[in-house]
Amino acid sequence: MVGKSQLLSQLLNGRKGVLHIHMSNETTPQEEVSSILGIENAGHVALALAEAERRLGHKPILLFDIHERVTDARILDAVSGFAKTFGYDKALAKVVVMASIAATADHITGDGRKIDFFVPEFTRSELDSVEAKRVFEMWYGKPVPDSDVDRIFDLV
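## Some remarks on the packing of aromatic side chains
- Under the defined criterion, the tally for this structure stands at two aromatic pairs.
- Seen from their ring centres, Phe82 and Phe86 are 4.3 Å apart, and the 35° between their planes marks the pair as tilted. Here Phe86 and Phe82 lie together in helix H4 (residues 73-89), a separation of four residues that amounts to about one turn.
- Looking at Phe82, the relative accessible area reads 4%, which means it is buried.
- Judged by its relative accessible area of 6%, Phe86 falls in the buried class.
- Taken together, the ring pairs in this structure connect Phe64, Phe82 and Phe86 into an aromatic cluster.

Shown next as structure tokens:
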């Protein structure tokens, strides 16, 4: 079986400018991103993301992974605010939030910018089906490149 974390990690594997951020109940999104980027001042995250885009030639992708153990509403709300601020208002990054349970996802509002997507567990035969490709295309928002489908198939 393939879970959403495995699926997304495989799709983004090898792409430059991807930060996979594992959230906890102890630190805010800005603190986590600052730590990964080696920035001492969390207030400089915007500058770092702008510089990353300049160097990469595209916006960095911030993948927030929220496991079921993350239950602090303040942290969940902070992730939502971070995604809105840096992913939409300032448009400094592409922000993806993976929430392990529906209760967590309720805190990630995103207004009209939020796209809820459930990744069901697939067997290899189900992945080979036309229905599975349709589900992936709904998630991508456009036809899925064959190379990405091959990466998904490699997981199972």
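## Side note on helix H3 (residues 45-56)
- Its twelve residues place the ends of H3 16 Å apart at the C-alpha level, agreeing with the 16 Å of an ideal helix rising 1.5 Å per residue.
- Looking only at H3, the buried set comprises Val45, Ala46 and Leu49. Buried residues in H3, looked at end-on, bunch into an arc of 100°, giving them a common side. The exposed residues of H3 that point more than 90 degrees off its buried face are Leu47, Arg54 and Arg55.
- In this fold, the buried residues of H3 make contact with helix H2 (29-37), strand E2 (61-66) and H4.
- Looking at the residues trailing H3, positive phi occurs at Gly57, about 85°.

## Details of the pairing of E2
- Counting buried positions along E2 gives six out of six residues, so the element sits mostly inside the fold.
- The two faces of E2 match: Ile61, Leu63 and Asp65 on one face and Leu62, Phe64 and Ile66 on the other face are all buried.
- By the bridge criterion, five bridges tie strand E1 (residues 18-22) to E2 in an arrangement that is parallel. Directly across from Val18, in E2, lies its bridge partner Ile61.
- Note that E2 and strand E3 (residues 94-99) share six bridges and pair parallel. For Ile61, the partnering residue across the bridge sits in E3 and is Lys94.
- At this point the chain moves from E2, through H4, to the parallel E3, and the crossover so formed is right-handed.

How each quantity is defined
- Residues numbered from 1 in each chain as written.
- Predicted model: local features only at pLDDT ≥ 70, side-chain atom pairs only at ≥ 80, totals over all residues.
- Heavy atoms only, no water.
- Phe/Tyr/Trp six-rings, centres within 6.5 Å; stacked < 30°, edge-to-face > 60°.
- Helix = DSSP H or I, 4+ residues; strand = E, 2+ residues; numbered from the N terminus.
- Buried < 20%, exposed > 50% of the residue type's maximum accessible area, 1.4 Å probe, protein only.
- Expected span 1.5 Å × (residues − 1).
- Arc of directions from axis to C-beta.
- Contact = heavy atoms within 4.5 Å.
- Pairing = 2+ DSSP bridges.
- Right-handed = clockwise from strand over helix to strand, strands pointing away.

Keep in mind these values describe shape, not function.
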